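Residue-level structural notes
For reference, the chains in residue letters:
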Amino acid sequence: MESNNKKYIILEGWISIFTNLFLFGLKYWAGLVSGSIALIADAWHTLTDSVSSVIVLLGGKLSSKPADEEHPFGHGRAEHIAAVIIGVLLAIVAFDFVLSAVEKFNSREGGSFGTIAIVVTIVSILGKEALAQYAFWGYRKTHSSVLKADGWHHRTDSLSSIVILVGILVGKYFWWIDSLLALIVALMIAYASYEILSKEIKSLLGERIDPELLEAIKQEVDQLFDRELYMHHFHLHRYGNHNELSCHIKLPSNMPLKEAHAICTRIENEIQVKFDLTTTIHPEPLEN
């Protein structure tokens, strides 16, 4: 499974790098020809996608490394860190778009759009959406958070190009449309940055276990034994594709250690098989 995850991440990363470099050149050239700050800014946004794809490759390589003495739970959180870096890059690009839009609005400059700008923008929309769909497909296969983050990065570029295309079609009627487009694109990218960062930072800091997952685990364990185990004190730690669960159960204080150990082991094995969670059970004495 881990080798497949690495394969999807690396392939998506290389495809993104070459496609984004091609689209960057096209959009930057079209922006210079048309004098559109929105197109030029969108070109730089595409270039940052290439940078983020390099981060995807590095994150995928690091996260697939096995556990070692310094990292006993593996390197899975490298994916979360890579996704945070992508989110920060998006935030920086969004801020730059705002500055560019305000500057051009104050100078009352407009773009001179033409057929070249329209064709290049349509090519960009189709290319970026194809990359987004591939990244999301890889995410559904691997559940890799960095692939999902990169997919949203591609999607925001595709959506921003759609907004720019609409602006190109009506730009000749309004001198300020280019500045407005740049501002709209900035807001879209900023929202994508917020979505990525809020999720990944929460994962890195630690989050409450999903109540539905918790209930499903309790029901599964209850079916194994006749006695009530009083499962409580749950903690879930995520390390990319590897997740560690710990919890407490209550057993009779006079129960032999060997029997208590067998019960804990059976629960751990069941949770591993049913929920793919590496579990540690701590038994407590049941008060009479």
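Below is a short write-up of the structure. (Residues numbered from 1 in each chain as written. Predicted model: local features only at pLDDT ≥ 70, side-chain atom pairs only at ≥ 80, totals over all residues. Heavy atoms only, no water.)

A few points about a nonpolar patch on the surface
Taken together, the side chains of Val98, Val102, Phe105, Tyr173, Phe174, Trp176, Leu180, Leu183, Ile184 and Leu187 define a hydrophobic patch exposed on the protein surface, amounting to about 880 Å² of accessible area. Contributing elements (two or more residues each) for the nonpolar patch: α3 (77-107) and α6 (177-205). A per-element tally of the nonpolar patch places α6 first, with four residues. With respect to the element layout, Ile184 can be found in helix α6. (Patch = residues over 30% accessible without salt bridge, like charges linked within 9 Å, V, L, I, M, F, W, Y side chains within 5 Å. Areas by Shrake-Rupley, 256 points an atom, 1.4 Å probe, with all protein chains shown as cover. Salt bridge = Lys/Arg side-chain N within 4 Å of Asp/Glu carboxyl O. Helix = DSSP H or I, 4+ residues; strand = E, 2+ residues; numbered from the N terminus.)

Some details on the packing of aromatic side chains
Tallied over the full model, the rule gives four aromatic pairs. Ring geometry for Trp14 against Phe18: centres 6.0 Å apart, planes inclined by 25 degrees, an arrangement best described as stacked. Highlighted residues: Trp14 and Phe18, both in helix α1 (residues 2-34), separated by four residues, approximately one helical turn. Exposure remark for Phe18: the relative accessible area of 54% places this residue in the exposed category. Considering the side-chain rings of Phe136 and Trp152, the 5.6 Å spacing of their centres and the 70 degrees angle between planes classify their relative orientation as edge-to-face. Of the two residues, Phe136 is situated in helix α4 (residues 115-142) and Trp152 in helix α5 (residues 145-170); the sequence distance between them amounts to 16 residues. What makes Phe136 buried here is its relative accessible area of 11%. (Phe/Tyr/Trp six-rings, centres within 6.5 Å; stacked < 30°, edge-to-face > 60°. Buried < 20%, exposed > 50% of the residue type's maximum accessible area, 1.4 Å probe, protein only.)

Side note on helix α8 (residues 257-275)
Between its first and last C-alpha atoms α8 spans 27 Å; for 19 residues at 1.5 Å apiece the expected length is 27 Å, and the two agree. All of the buried residues along α8 are Ala260, Ile263, Cys264, Ile267, Glu270 and Ile271. Take α8 and look down its axis: the buried residues cluster within an arc of 130 degrees, on one side only. Residues Leu257, Lys258, His261 and Val273 are exposed on α8 and point more than 90 degrees away from its buried face. At the C-terminal side of α8, Asp276 shows a positive phi close to 55 degrees. (Expected span 1.5 Å × (residues − 1). Arc of directions from axis to C-beta.)

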